[in-house]
Amino acid sequence: WTQILAFVGVIEVYNLAGVSDDSRTPGDSPLFGAFGIPGAGGISDPEKRSKSLNAELNNGRLAMMAIIGMFFQDGLTGSAWGDWSNYTDSPLRAFEGEL
């Protein structure tokens, strides 16, 4: 835990040190690269960067819809995962007898 807190603390200190510039897009700091690591390289091609950021936004939206669906299912049925004993013909159980 100490290593994780130290790493996050260093990232936050660098981030709060005023390295951000209002002319840049949010999250695009000149000192931070991939995964927010100081000094790491980022995506230099603007078209690829835009495509990657859009993919990240779409994955986040999909994850939000999935968790809301699980909340809704849990509210209706009392179980967010369903009862696997009802799904005897599921392809997920194809090799269950071989284990």
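In what follows, the structure referred to is the one given above.
Everything quoted here is computed from the prediction, not taken from an experiment.

Digging into the overall build of the protein
Summing up its helical and strand segments, the protein has two helices and zero strands in all. Taking all contacts inside the protein whose residues are at least 6 apart in sequence as the whole, residues at least 24 apart take part in 15%. Entry remark: accessible area of the protein is about 8,800 Å², with carbon and sulfur atoms responsible for 62%.

Points about a nonpolar patch on the surface
A surface patch of nonpolar side chains, amounting to about 510 Å² of accessible area, comprises Trp1, Ile4, Phe7 and Val8. For Val8, the position within the fold is in helix α1 (residues 2–16).

Concerning helix α2 (residues 46–77)
Compared with an ideal rise of 1.5 Å per residue, which puts 32 residues at 46 Å, α2 spans 46 Å between its outermost C-alpha atoms and is within 8% of the ideal. Phi turns positive, to about 90°, at Gly78, one or two residues after α2.

Scoring rules and cut-offs
- Going along each chain's sequence as written, the residues are numbered from 1 onward.
- Only residues with pLDDT of at least 70 are given local features in this predicted model, and only at 80 or more are side-chain atom pairs given and counted; all residues enter the totals for whole chains, interfaces and linings.
- Processing note: side-chain calculations cover all non-hydrogen atoms of the structure and skip hydrogens and water entirely.
- Strands are runs of DSSP state E lasting at least two residues, helices are runs of H or I lasting at least four, and both sets are numbered from the N terminus onward.
- The criterion used for residue contact is that any of the two residues' heavy atoms lie within 4.5 Å.
- Residue burial considers only the protein chains on display, and all accessible areas are found by Shrake-Rupley using a 1.4 Å probe.
- Candidates for patches are residues over 30% relative accessible area with no salt bridge; among them, like charges are joined within 9 Å and nonpolar side chains (Val, Leu, Ile, Met, Phe, Trp, Tyr) within 5 Å.
- We define a salt bridge as a side-chain nitrogen of Lys or Arg found within 4 Å of a carboxyl oxygen belonging to Asp or Glu.
- The length a helix should cover is 1.5 Å for every residue beyond the first.

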